[in-house]
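Here are the chains, one letter per residue:
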Amino acid sequence: MKKKNWTNMFFVLPLLVINITFFVVPFVKSLYMSLYDWPLLGEKTFIGIQNFIRAFVDKKFLHSLLFTMEYALIVTPMLFLVAFVMAILVNQKFRGVGIFRTIYFMPVVISMTASADIWLWIYNELYGVLNHILLAVGIVDKPVAWMHLPKTSLPAVCAMVTWKMAGFSMLMLLGAFQSVDEEVYQSASIDGASKIQQFFRITLPLIRPTIGLSMVISIIGSVLAFEQFKIMTAGGPSSKTQTAVYYIYQTSFGHFKFGYGAAMSMILLVILAVLSYFQFAVMKDKTE
Amino acid sequence: MNKERSKVIIIVLNILLGMLWIMPIYWAVVTSVKTQKELYGGISLIPHVVTPENYVSLFQYKDGIFFFYLKNSFQICVLTMLLVTVVSVLAGFAFSKLKIWGVKIWTAMILFTIMVPAQALMVPLYNTLSDLNLLGTVWGMVLIYVTFQTPFCVLMMKSSFDMVPNALREAALMDGASSLAIFWNIYCPLALPGAITVIVYAAYNTWNDYTIGLTFGGSSMKTFNVGLVDMLSADTTVNWGTLTSGAIVGMLPILILFLLLQKHFVKGMMSGAVK
């Protein structure tokens with residue numbers, strides 16, 4: 001078993017066959033397709049980099065990129081703040097703390113589809129519980145049609161995603177809190193540092209890499225956002241809440257412009273590659 | 001004294017936030033068992049009458065099409081879980097304990113796959129599935145899920161096998177055991193916790209998926225989530241009792257799995273995202 005022999009290859013063969021067929025080949029094909037005008041049926045024509053040029057002047061695509069960025073920039077800090085408070089609340093010793101950890105994590109477990117379904121009911125204009133409460137308290141004087149305007153639908157989707165994903169970042173931060181050595185706190189309090197001083201001077205600097213990592217993960221997730229908008233706003237009104245992945249999806253499978261869809265996917269991949277570079281940088285920071 | 005007080009404050013804040021966090025799920029459960037009259041007649045936290053009628057109407061919808069969706073989802077999910085586990089246990093073992101040809105290339109390939117999300121390859125994947133006549137088939141879907149789940153699972157299994165000392169194998173070899181017997185009798189049982197994490201990871205990602213199902217399932221392999229969204233966004237005659245009962249049915253299997261295997265679940269998801 002020590003020497004390289006061909007029977008050993010049988011162990012990796014299933015992985016290689018599947019990965020090459022459904023990843024390597026499609027990846028190369030994607031580069032190739034992006035250089036073609038490639039409809040579902042009929043002639044494919046080689047058009048060079050025209051799909052890429054077109055993407056950079058396509059107002060709808062640029063708008064979808066901007067909207068995706070806007071979404072990422074709103075949801076990431078929102079989610080982080082909630083997760084941070086949660087992590088502090090469950091980084092305590094009292095009986096039943098595990099129950100709260102489970103409750104905060106539960107929305108992470110269920111699908112985006114189920115969450116979007118539930119929240120659409122909460123946001124329902126006439127019968128939704130949110131409007132009932134807001135009307136009763138007197139914050140609004142007539143029911144809000146949350147999903148009709150980007151001004152309200154974007155924050156509403158962000159709130160749903162925060163509810164759904166905060167438990168995830170919470171666990172990352174909790175892990176970081178707990179990895180700080182008890183002795184550091186002990187010696188700090190002997191030196192007369194208050195709890196608040198300890199938090200800002202010791203805890204925060206030590207968990208900074210995890211904070212960075214959880215933010216980068218959240219940004220990468222937001223750049224890939226599709227389901228939440230497809231289900232909750234259908235990209236509307238008039239494509240105003242269409243994310244990049246959503247627009248690519250619609251171009252490729254609604255209008256069957258495969259070449260153009262592949263080209264835009266390539267652009268998205270470059271954006272993701274830059275973000276992943278940041279992720280690695282942060283993770284390296286973390287292990288050092 | 002001061003310490004006691006801050007502890008009470010922490011617990012009270014937890015209870016408040018916990019209630020807020022559980023509320024949407026609770027609200028969906030309550031809505032799904034209310035009568036239509038109560039559903040649209042204001043806010044009641046506890047239903048006056050508990051009725052199964054919404055669940056009945058969900059499964060009667062379009063002659064029981066949700067049975068078909070559920071069957072598809074279960075079939076795809078179980079096959080994906082099996083295949084992901086087999087592929088990643090075998091490859092993880094080879095990466096950890098065997099000398100294989102081209103190991104650097106394969107490792108780079110796996111890492112690269114982890115970095116590229118399926119969302120960015122939908123067009124060529126559609127094309128590949130179409131060439132292989134796999135669009136709208138159970139195997140077409142399963143193979144896509146397997147492709148994008150195995151890379152992480154292989155790494156997970158590799159680190160599981162790494163923890164088993166090599167001395168075990170050498171001792172068994174001395175006793176004249178074959179390499180297959182060593183793999184099966186010695187390593188597999190020891191790598192079981194890793195394998196459970198892999199299984200749970202596959203179940204979570206497959207059951208909860210929407211995008212891949214939507215793009216490659218067509219109508220012949222429509223999954224539960226895709227069917228639910230169809231009903232949710234295209235059919236205005238369906239009431240919210242039925243729509244929320246759909247969400248409950250969709251989340252129940254995975255929530256049960258989570259409550260049973262919490263540790264594995266969390267481990268799979270956290271290391272899956274951080275990679």
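Residues numbered from 1 in each chain as written. Chains lettered and ligands numbered in written order. Predicted model: local features only at pLDDT ≥ 70, side-chain atom pairs only at ≥ 80, totals over all residues.

(A) Summary view of the overall build of chain A. Counting its regular elements, chain A contains 12 helices and two strands. Along chain A, helices (α) and strands (β) appear in the sequence α-β-β-α-α-α-α-α-α-α-α-α-α-α when read from the amino end. Scaling as 2.2 N^0.38, a compact globule of 288 residues should have a C-alpha radius of gyration of about 19 Å, whereas chain A reaches 24 Å, well beyond that. On the principal axes, the C-alpha backbone points of chain A span a range of 75 × 75 × 35 Å. By residue count, 41% of the 288 residues in chain A fall in the buried class. In chain A, the proportion of contacts linking residues at least 24 apart, taken out of those at least 6 apart, comes to 69%. (Helix = DSSP H or I, 4+ residues; strand = E, 2+ residues; numbered from the N terminus. Rg over C-alpha atoms; globule rule 2.2 N^0.38 Å. Buried ≥ 20, exposed ≤ 12 C-beta atoms within 10 Å, placed from the backbone. Contact = placed C-beta atoms within 7 Å.)

(B) Representation of the overall build of chain B. Looking only at helices and strands, chain B has 14 helices and zero strands in total. Mapped from its N terminus to its C terminus, chain B presents α and β elements in the order α-α-α-α-α-α-α-α-α-α-α-α-α-α. Projected onto its principal axes, the C-alpha coordinates of chain B cover approximately 75 × 70 × 35 Å. Expressed as a percentage of its 275 residues, the buried residues of chain B come to 45%.

(C) Region of interest: the interface of chain A and chain B. With 66 residues of chain A at the interface, the matching set in chain B holds 70 residues. At 18 residues, the largest contribution of residues to the side of chain A that touches chain B is made by helix α1 (residues 6-33) of chain A. Its residues placed into classes, the side of chain A that touches chain B shows 49 nonpolar, 11 polar and six charged. (Nonpolar A, V, L, I, M, F, W, Y, C, P; charged D, E, K, R; others polar.)

(D) Seen up close, the packing of helix α4 (residues 97-109) of chain A against helix α1 (residues 2-32) of chain B. Contact geometry of α4(A) with α1(B) gives a least axis separation of 9 Å together with a crossing angle of 35°. Once α4(A) is placed against α1(B), the crossing between them reads as left-handed. Between α4(A) and α1(B), the residues in contact are Phe100(A), Ile103(A), Tyr104(A) and Met106(A) and Asn14(B), Gly18(B), Trp21(B), Ile22(B) and Ile25(B), respectively. Looking at side-chain class alone, the contact of α4(A) with α1(B) contains seven nonpolar, two polar and no charged residues. (Axes fitted to C-alpha atoms, helices over the stretch in contact; angles between N-to-C directions. Left-handed = near helix turned anticlockwise from the far one by under 90°.)

(E) Expanded view of the packing of α1(A) against helix α6 (residues 122-131) of chain B. The interhelical angle for the contact between α1(A) and α6(B), taken along N-to-C directions, is 115°, at an axis separation of 8 Å. Judged on the interaxial angle alone, α6(B) and α1(A) are roughly perpendicular. Between α1(A) and α6(B) the crossing geometry is right-handed. Where α1(A) approaches α6(B), its residues Phe22(A), Val25(A), Pro26(A), Lys29(A), Ser30(A) and Met33(A) are matched on the opposing element by Val123(B), Pro124(B), Leu125(B), Asn127(B) and Thr128(B). Per-class residue counts for the contact of α1(A) with α6(B) are seven nonpolar, three polar and one charged. (Parallel < 35°, antiparallel > 145°, perpendicular 65-115°, else oblique.)

(F) Seen up close, the environment of Gln149(B). Mapped onto the elements, Gln149(B) comes out in helix α7 (residues 138-162). Discounting residues that sit within four places of it in the chain, Gln149(B) has contacts with Val84(B), Tyr201(B), Ala202(B) and Asn205(B).

(G) Up close: helix α5 (residues 112-122) of chain A. Burial of α5(A) is extensive: 11 of the 11 residues sit out of reach of the surface. Within α5(A) the residues assigned to the buried category are Met112(A), Thr113(A), Ala114(A), Ser115(A), Ala116(A), Asp117(A), Ile118(A), Trp119(A), Leu120(A), Trp121(A) and Ile122(A).

(H) The arrangement of α7(B) in detail. All names here are of chain B. For α7, with 25 residues, the first-to-last C-alpha span of 34 Å sits near the 36 Å given by 1.5 Å per residue. Along its length, α7 shows its largest kink, about 45°, at Thr-150, and proline Pro-151 lies within four residues downstream of that point. Among the 25 residues that make up α7, 21 are buried, leaving the element largely enclosed by the rest of the structure. (Expected span 1.5 Å × (residues − 1). Bend = angle between axes of the 7 residues up to and from the residue.)

(I) Geometry of the nonpolar core. Counting residues in each nonpolar core, the largest one holds 151 residues, and the members touching the most others are Met86(A), Ala166(A), Met170(A), Ile144(B), Val198(B) and Ala203(B). Each of domain 1 (2-51) and domain 2 (63-274) of chain B gives at least three residues to this core. (Core = buried A, V, L, I, M, F, W, Y, C linked by C-beta atoms within 7 Å. Domains from an automatic or database assignment.)

(J) Representation of the domain arrangement of chain B in the model. Residue and element names in this part refer to chain B. Domains assigned within chain B are domain 1 (2-51) and domain 2 (63-274). Taking only C-alpha atoms into account, the centre of domain 1 sits 34 Å from that of domain 2. Taken together, the seven residues of domain 1 in the interface contact seven residues of domain 2. Taken together, the elements giving at least two residues each to the side of domain 1 that touches domain 2 come down to α1 and α2 (36-39). If one sorts the elements of the side of domain 1 that touches domain 2 by residue count, α1 sits on top with four residues. The residue makeup of the side of domain 1 that touches domain 2, split by class, is three nonpolar, three polar and one charged.

(K) Highlighting the environment of Ser160(B). Residue and element names in this part refer to chain B. In this fold, Ser-160 is placed in helix α7. According to the C-beta neighbour criterion, Ser-160 is buried, with 23 such atoms within 10 Å. A C-alpha to C-alpha distance of 9.5 Å links Ser-160 and Val-89, two positions 71 residues apart in sequence. Among residues more than four places away in sequence, those in contact with Ser-160 are Gly-92, Ala-191 and Gly-194.

(L) Region of interest: the confidence of the model for chain B. With 99% of its residues at a pLDDT of at least 70, chain B reaches an overall mean of 92. Overall fold confidence for the complex sits at a pTM of 0.93, while the interface term, ipTM, reaches 0.92. (pLDDT = per-residue confidence, 0-100.)

(M) Examining unusual backbone geometry more closely. Residues and elements named next belong to chain A. In this structure, Pro-237 follows Gly-236 across a cis peptide bond, with omega equal to -5°. Residue position: Pro-237 is located in the loop between α10 (227-232) and α11 (244-254). One non-glycine residue, Phe-256, adopts positive backbone phi at about 50°. Checked against the element boundaries, Phe-256 lands in the loop between α11 and α12 (258-287). Judged by local crowding, Phe-256 falls into the partly exposed class, with 15 C-beta atoms found within 10 Å.

(N) Region of interest: the environment of Phe229(A). All names here are of chain A. Examined against the element boundaries, Phe-229 turns out to sit in helix α10. Taking the C-alpha atoms as reference points, Phe-229 and Val-157, separated by 72 residues in sequence, lie 7.6 Å from one another. Residues in contact with Phe-229, not counting those within four places in the same chain, are Val-157, Gly-235, Thr-241, Gln-242, Thr-243 and Tyr-246.

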